[in-house]
Amino acid sequence: MNKIISYAAASLLFVSIFTACKQEKKLPFYGERHAEVVKDAAGVEKIDTVYQTIPNWAFLNQDSVLTTNKATDGKIYVADFFFTSCTTICPTMHRNLMTVYNDFKSNPDVMFVSHTIDFKYDKPSALKKYAKKLGVDGPKWQFLYGTKDSVYTLAEKNYLVAVGEDSTAKDGYIHQGYLVLIDKDRRIRGAYDGTKEDQVEQLKKDIPVLLAEYKK
Amino acid sequence: MRKYIINSIFLFAVIAIIVSCQNQETIDLQNYMSNGKDIYKSRCQNCHGENGEGLGELAPPLTDSVFLKTNKNRLACFIKNGANETLVIHGKEYKEKMPAFPELADIDVAQVMVYITNSFGNKQGFVPYTEVSKQLQNCK
């Protein structure tokens, strides 16, 4: 009899441990962070962690319209760096990103932003042609053109993606194929290799997780 | 009786030679197909897709058997030197430039060509690399 009770107690303990572990899944934060003293709503001072955020930006999009961070403010978005004449990793990246785009096409809280790193050739008209041929229409996926300095700094300092000119590379530029997931507060919450299908599948799973964080 | 045996041995030998010849071509085809697949994966797949489906209007699909057949003498040149003309595939126009792959040797071009023309629903059979070398010398 005693044995039965202790068994029951042990199994109850296990069940409670396992259910207690189930908490809401949250995505990690990437980049630099520091502690800051902030005042909460009641005016009480407390220490909070401040994460790296994407600064304000302004670029021309595929319709030659000046587009700023206002387009993505209050939304989560996926950012990447590419160029239209790239024959190596970009076609694969955008083939995979297209499937993400199609999955979240009807969700107004999700956007896509592709920065070109070819400041010489990829003027807005070239980007428009590329977008159309890829099969993208409308403002949900922005293709952005900017000066070398502004785009390269944004890539390396803020999105943490390495880009560069390289005359020895086949197409003249080198860059990493990361798809970077940004939350509604401009913080980096994920980076996925756009050339790998399994990582892109993970991105598709993580977008709803990130959206759920804001549903309260 | 003896004549009959000799005749049948001779006949058997002829059949064996024919069968073994076909086998050699089948082996070559399999050889080209497996090497061609590796080259396809590393050079072609990023634009033309795993199943030759293409990419929007940027890269044409490789599933138009009629196009492949009518242009079969130019395929090797497209693979090695790229393409810079409007191509009509499945009734649609494709205007983007295809890059050249000068680093591919004739045998590589032959293998990847055989792979493409015998995959994705295409079935054009074997082309030896000597034939492909000739085609490559006559590229425009």
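Computed from a prediction, not measured in an experiment: that's the story for all the values here. What you see as residue numbers is a count from 1 along each chain, following the sequence as written. Written order determines the labels here, with chains lettered from A and ligands numbered from 1. This being a predicted model, a pLDDT of at least 70 is required before a residue's local features are given, and a value of 80 or more before pairs of side-chain atoms are given or counted; all residues contribute to the totals for chains, interfaces and linings. Side-chain measures here rest on the full set of heavy atoms in the structure, leaving out hydrogens and waters.

**Section: the pairing of strand S7 (residues 141–144) of chain A**
Residues and elements named next belong to chain A. Rules: Three exposure classes are used, based on accessible area relative to the maximum for each residue type with a 1.4 Å probe and protein chains only: buried under 20%, partly exposed in between, and exposed over 50%. Only runs of H or I of at least four residues qualify as helices and only runs of E of at least two qualify as strands under DSSP, and these elements are numbered from the N terminus. Any two strands between which DSSP finds at least two bridges are classified as paired. Handedness is read with the strands pointing away from the viewer; a crossover is right-handed when the path from the first strand over the helix to the second is clockwise.
Here S7 shows two buried faces, one formed by Trp141 and Phe143 and the other by Gln142 and Leu144. Here strand S6 (residues 110–116) runs beside S7; their pairing, made up of four bridges, is parallel. Bridging across to S7, Phe112 finds its partner in Trp141. One crossover worth recording links S6 to the parallel S7 by way of helix H3 (residues 124–134), and it is right-handed.

**Concerning the environment of Gln30(B)**
All names here are of chain B. With respect to the helices and strands, the residue Gln30 is situated in helix H1 (residues 2–48). Its relative accessible area of 53% is what places Gln30 among the exposed residues. Separated by 85 residues in sequence, Gln30 and Tyr115 place their C-alpha atoms 9.3 Å apart.

**A closer look at the sheet that holds S6(A)**
All names here are of chain A. We apply this condition: Between N-to-C directions, angles cover 0 to 180 degrees, with each direction set by a line fitted to C-alpha atoms, over the stretch in contact for helices. It only takes one pair of heavy atoms within 4.5 Å for two residues to be counted as in contact.
Reading across the sheet, the five strands line up as S7-S6-S5-S10-S11 and stay open at both edges, with mixed pairing between neighbours. The open sheet has two free edges, formed respectively by S7 and strand S11 (188–193), since each of these has just one partner strand. The sheet shows a mean angle of 20 degrees between the axes of neighbouring strands, taken without regard to direction. In the packing of H3 onto the sheet, contacts are made with strand S5 (76–82), S6 and S7, and the angle to S7 comes to roughly 145 degrees. Here helix H4 (residues 148–158) sits on the sheet and contacts S5, S6 and S11; the angle it forms with S6, its principal contact strand, is near 120 degrees.

**Overview of the UniProt feature "binding site: Cu cation" (unreviewed entry) in chain A**
Residue and element names in this part refer to chain A. Our working definition: UniProt positions are given in the numbering used here, feature names are shortened, and annotations may be inferred rather than shown by experiment. Here the term cavity refers to a set of points on a 1 Å grid, laid over the protein atoms alone, in which a 1.4 Å probe fits but cannot get out; the term pocket refers to an open set having protein on both sides within 12 Å along at least five of seven lines, with lining residues being those that place an atom within 4 Å of a point. Definition of a polar contact: a pair of N or O atoms within 3.5 Å, with one able to donate and the other able to accept a hydrogen when the atoms are protein atoms, and with sequence-neighbouring residues admitted only if both atoms are side-chain atoms.
The UniProt entry lists Cys86, Cys90 and His175 under the feature "binding site: Cu cation" (unreviewed entry), expressed in the numbering used here. Their sequence span is 90 residues, while the largest C-alpha to C-alpha distance among them is just 10.3 Å; these annotated residues converge on one region. Within the annotated group, the residues that form the lining of the largest pocket are Cys86. Considering the arrangement of structural elements, one finds Cys86 in the loop between S5 and helix H2 (90–103). Residue class for Cys86 comes out buried when judged on its relative accessible area of 6%. When sequence neighbours within four positions are dropped, the list of residues in contact with Cys86 reads Pro91, Asp171 and His175. The class for His175 is buried, based on a relative accessible area of 13%. Excluding residues within four positions of it along the chain, His175 makes contact with Phe81, Phe82, Phe83, Cys86, Ile89, Cys90, Met93, Ile117, Ala162 and Val163. Here Phe81 takes part through its backbone oxygen, which lies 2.9 Å from a polar atom of the side chain of His175.

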